[in-house]
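A look at the structure
Take a look at the letters that make up each chain.
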Amino acid sequence: MNRPTGWLAWSLCALSLTFVIVWALFRFLNTPTPTGINQIPLLVELWGLLVFVLFTTIGALVAFRQPKNTIGWIFCAMGLLFTSSVASAQYAIYAVVSSPGSLPGGATAAWLEAFLTGPIIIALFALLLLLFPDGRPPSYPWRAALWLDLIAAVLLFVGSFKPGPMETSSLRVANPFGIEEIGALL
């Protein structure tokens, strides 16, 4: 077992738990829910956080014991991205709606929520299914599906720079990283 990779795996797990604490703080500060905000019900959000913290923990265990197995790292990434997305959503609600101007980066947090919540998690789930259980595709023809998934993830990343309003699960704000040239292509 490799110490640096073990430290990295457990650090990702600790960071995921830190995002849960940040989520809880801002969820409390955003109570009651500001008018016009569509929030996921608290119990559903808690359940999702529990599941994805478990993803990060299981991923850290696998990555700690088998650092070359990509499944552990994918689990860590999925848990970390989901928890950071949910924490970003609550931060964005607080910075943009609950207490406008009190914190910097509200639009950036909304961008993170929009980018990380759906598209990237779905791409990672597809990657997980393609590479499970040993971190390699089941046979040579499945490599094409793997490349399609990776291309889709890159296109989703490029799409996150589309200018104009972003549709997140909680807010509708202008994309702070919108690039006009990409908007014309999309």
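Residues numbered from 1 in each chain as written. Predicted model: local features only at pLDDT ≥ 70, side-chain atom pairs only at ≥ 80, totals over all residues. Heavy atoms only, no water.

1. As for the overall build of the protein chain
For the protein chain, the count of helices and strands is 6 helices and 2 strands. Walking the protein chain from its N terminus toward its C terminus, one meets helices and strands in the order α-α-α-α-α-β-β-α. Projected onto its principal axes, the C-alpha coordinates of the protein chain cover approximately 50 × 40 × 30 Å. Counting across all 186 residues of the protein chain, residues that qualify as buried make up 40%. Sequence-distant contacts, at least 24 apart, represent 64% of the contacts inside the protein chain between residues at least 6 apart. Carbon and sulfur atoms provide 73% of the accessible area of the protein chain, an area that totals close to 10600 Å². Each charge sign in the protein chain was given a centre, from 8 positive and 7 negative side chains, and these centres are 16 Å apart. (Helix = DSSP H or I, 4+ residues; strand = E, 2+ residues; numbered from the N terminus. Buried < 20%, exposed > 50% of the residue type's maximum accessible area, 1.4 Å probe, protein only. Contact = heavy atoms within 4.5 Å. Areas by Shrake-Rupley, 256 points an atom, 1.4 Å probe, with all protein chains shown as cover. Lys, Arg positive; Asp, Glu negative; His and termini not counted. Charge placed at Lys NZ, Arg CZ, Asp CG, Glu CD.)

2. A look at the pattern of salt bridges
Scanning the entire structure with this criterion turns up 1 salt bridge. Note that Glu45 and Arg27 form a salt bridge whose closest N and O atoms lie 2.1 Å from each other. Of this pair, Glu45 sits in helix H2 (residues 42-65) while Arg27 sits in helix H1 (residues 3-29), and the two are 18 residues apart along the sequence. With relative accessibility at 7%, the residue Glu45 sits in the buried group. (Salt bridge = Lys/Arg side-chain N within 4 Å of Asp/Glu carboxyl O.)

3. Brief notes about the environment of Cys13
Checked against the element boundaries, Cys13 lands in helix H1. Cys13 sits in the buried class, given a relative accessible area of 6%. A C-alpha to C-alpha distance of 32 Å links Cys13 and Ala174, two positions 161 residues apart in sequence. In contact with Cys13, other than residues within four places in its own chain, are Thr56, Thr57 and Ala60.

4. Observations regarding the layout of surface pockets
As a volume, the largest pocket reaches approximately 250 Å³. Around the largest pocket, the lining is made up of 14 residues, and of these Ala114, Gly159, Ser160, Met166 and Asn175 lie nearest the centre. Considering each element in turn, the lining of the largest pocket owes the most residues, 4 residues, to helix H4 (residues 106-131). For the lining of the largest pocket, a count of residues per class yields 8 nonpolar, 4 polar and 2 charged. (1 Å grid on protein atoms, 1.4 Å probe; cavity = no way out; pocket = protein on both sides within 12 Å on 5 of 7 lines; lining within 4 Å. Points joined across faces, edges and corners; volume = space filled by probe spheres on them. Nonpolar A, V, L, I, M, F, W, Y, C, P; charged D, E, K, R; others polar.)

5. Some points on the packing of H2 against helix H3 (residues 70-98)
It is at 7 Å that the axes of H2 and H3 come closest, and there the two elements cross at 150°. Here H2 runs over H3; the crossing is left-handed. Within the contact between the two elements, H2 uses Glu45, Gly48, Leu49, Phe52, Val53, Phe55, Thr56, Ile58, Gly59, Ala60, Val62 and Ala63 and H3 uses Gly72, Trp73, Phe75, Cys76, Met78, Gly79, Leu80, Phe82, Thr83, Val86 and Gln90. A breakdown of the residues in the contact of H2 with H3 according to their chemical character gives 15 nonpolar, 7 polar and 1 charged. (Axes fitted to C-alpha atoms, helices over the stretch in contact; angles between N-to-C directions. Left-handed = near helix turned anticlockwise from the far one by under 90°.)

6. A short note on H2
Compared with the 34 Å implied by 1.5 Å per residue over 24 residues, the 35 Å span of H2 between its first and last C-alpha is a close match. Within the sequence span of H2, burial applies to Glu45, Gly48, Leu49, Phe52, Val53, Phe55, Thr56, Gly59, Ala60 and Ala63. In this structure, the buried side of H2 is in contact with H1, H3 and H4. (Expected span 1.5 Å × (residues − 1).)

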